[in-house]
Amino acid sequence: MARTPTVPARPPCRLYLITPPAIADLNAFAETLDQALSAGDVAALQIRLKPADDATIRVAVEVLAPIARRHDVAVLLNDRPDLARETGCDGVHIGQEDGSLTEARRILGPDAMIGVTCHDDRDLAWDAAEGGADYVAFGAFYPTDTKETVHRPGLEILTVWQDTVETPCVAIGGVTVDNAADLARAGADFVAVSNGVWGYNEGAAEAVRLFNQRLRF
């Protein structure tokens, strides 16, 4: 009797951390970050400081990147492929108004990780995937105070993407320990979280622990 081929299981959805938009005490935050990354699996840390001058961003990368790398966490910079290259980040995340994917790849080279914001638009995501993006980001799925949002995709965009495209997708926007499992079940490869970790009442480390628990449904 012929045996039915085994379909490989999809890897568990992973946590992708984004820094707060402003960090008042960088050394204190560095300690919090170290504790958080010690509490469970984290795929990447995006350093996103808005608004901040270049000097502030450079110092943040200098302090935070070694902590992330000690935990085998990739370090991405928001918006600025030039600064990402200068500071030795592993890659960059770019929005639709932050320059082209082609230019970011030219600046950072073939081995850098580049993610692209695609809001609720599969056509934008297709273009990014075909252009060589390492991941596409959809959102905001839920209300968020971290940044102003106007796009609100449904969970089905993750399911369709997962079923049709190999490029990983990230779900972003208002992600918490209470709704992360829904995003993972729908097809997110990663959930990007800022306030859902740094603003968690029981501390960032406990939030990371809970995210890891709930993303492995």
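Before any of the text, the structure's been laid out above.
This one's a predicted model, so the numbers in the text were calculated from it and none came from an experiment.

Draft legend 1. Representation of the nonpolar core. In terms of nonpolar packing, the biggest core is built from 67 residues, with Leu15, Ile47, Phe138, Leu158, Leu183, Val191 and Val197 touching the most fellow members. Among the elements that take part in this core, helix α2 (residues 54–70) stands out by supplying 7 residues, more than any other. Dropping the residues within four chain positions of it, Ile47 is found in contact with Thr19, Ala60, Val61, Leu64, Val75, Leu76, Leu77 and Asn78. Among the nonpolar cores identified, the runner-up in size contains 9 residues, and Tyr16, Ala44, Ala74 and Ala192 belong to it.

Draft legend 2. The pattern of salt bridges, seen in detail. For the structure shown, the criterion picks out 13 salt bridges. In this structure, the salt-bridge partner of Asp90 is Arg69, at a minimum N-O distance of 3.5 Å. Of the two residues, Asp90 sits in the loop between α3 (81–87) and β4 (91–94) while Arg69 sits in helix α2, which places them 21 residues apart along the sequence. On the accessibility criterion, Arg69 (37% relative accessible area) is partly exposed. The salt bridge involving Arg105 is made with Asp134; its shortest N-O contact spans 3.0 Å. Of this pair, Arg105 sits in helix α4 (residues 101–108) while Asp134 is found in the loop between α5 (122–130) and β6 (135–139), placing the two residues 29 residues apart along the sequence. Salt bridges sharing common partners tie together Arg14, Asp41 and Arg216.

Draft legend 3. Focus on the pairing of strand β1 (residues 14–18). Most of β1 sits inside the fold, with 4 of its 5 residues counted as buried. When β1 meets strand β8 (residues 190–193), the two strands line up parallel, connected through 4 bridges. Each bridged residue has a counterpart across the sheet, and for Arg14 the counterpart in β8 is Phe190. Pairing analysis gives 3 bridges linking β1 to strand β2 (residues 44–47), with the strands arranged parallel. For Ile18, the partnering residue across the bridge sits in β2 and is Gln46. This β-α-β element, β1 to helix α1 (residues 26–38) to β2, shows right-handed connectivity.

Calculation notes
Residues numbered from 1 in each chain as written. Predicted model: local features only at pLDDT ≥ 70, side-chain atom pairs only at ≥ 80, totals over all residues. Heavy atoms only, no water. Core = buried A, V, L, I, M, F, W, Y, C linked by side-chain atoms within 4.5 Å. Buried < 20%, exposed > 50% of the residue type's maximum accessible area, 1.4 Å probe, protein only. Helix = DSSP H or I, 4+ residues; strand = E, 2+ residues; numbered from the N terminus. Contact = heavy atoms within 4.5 Å. Salt bridge = Lys/Arg side-chain N within 4 Å of Asp/Glu carboxyl O. Pairing = 2+ DSSP bridges. Right-handed = clockwise from strand over helix to strand, strands pointing away.

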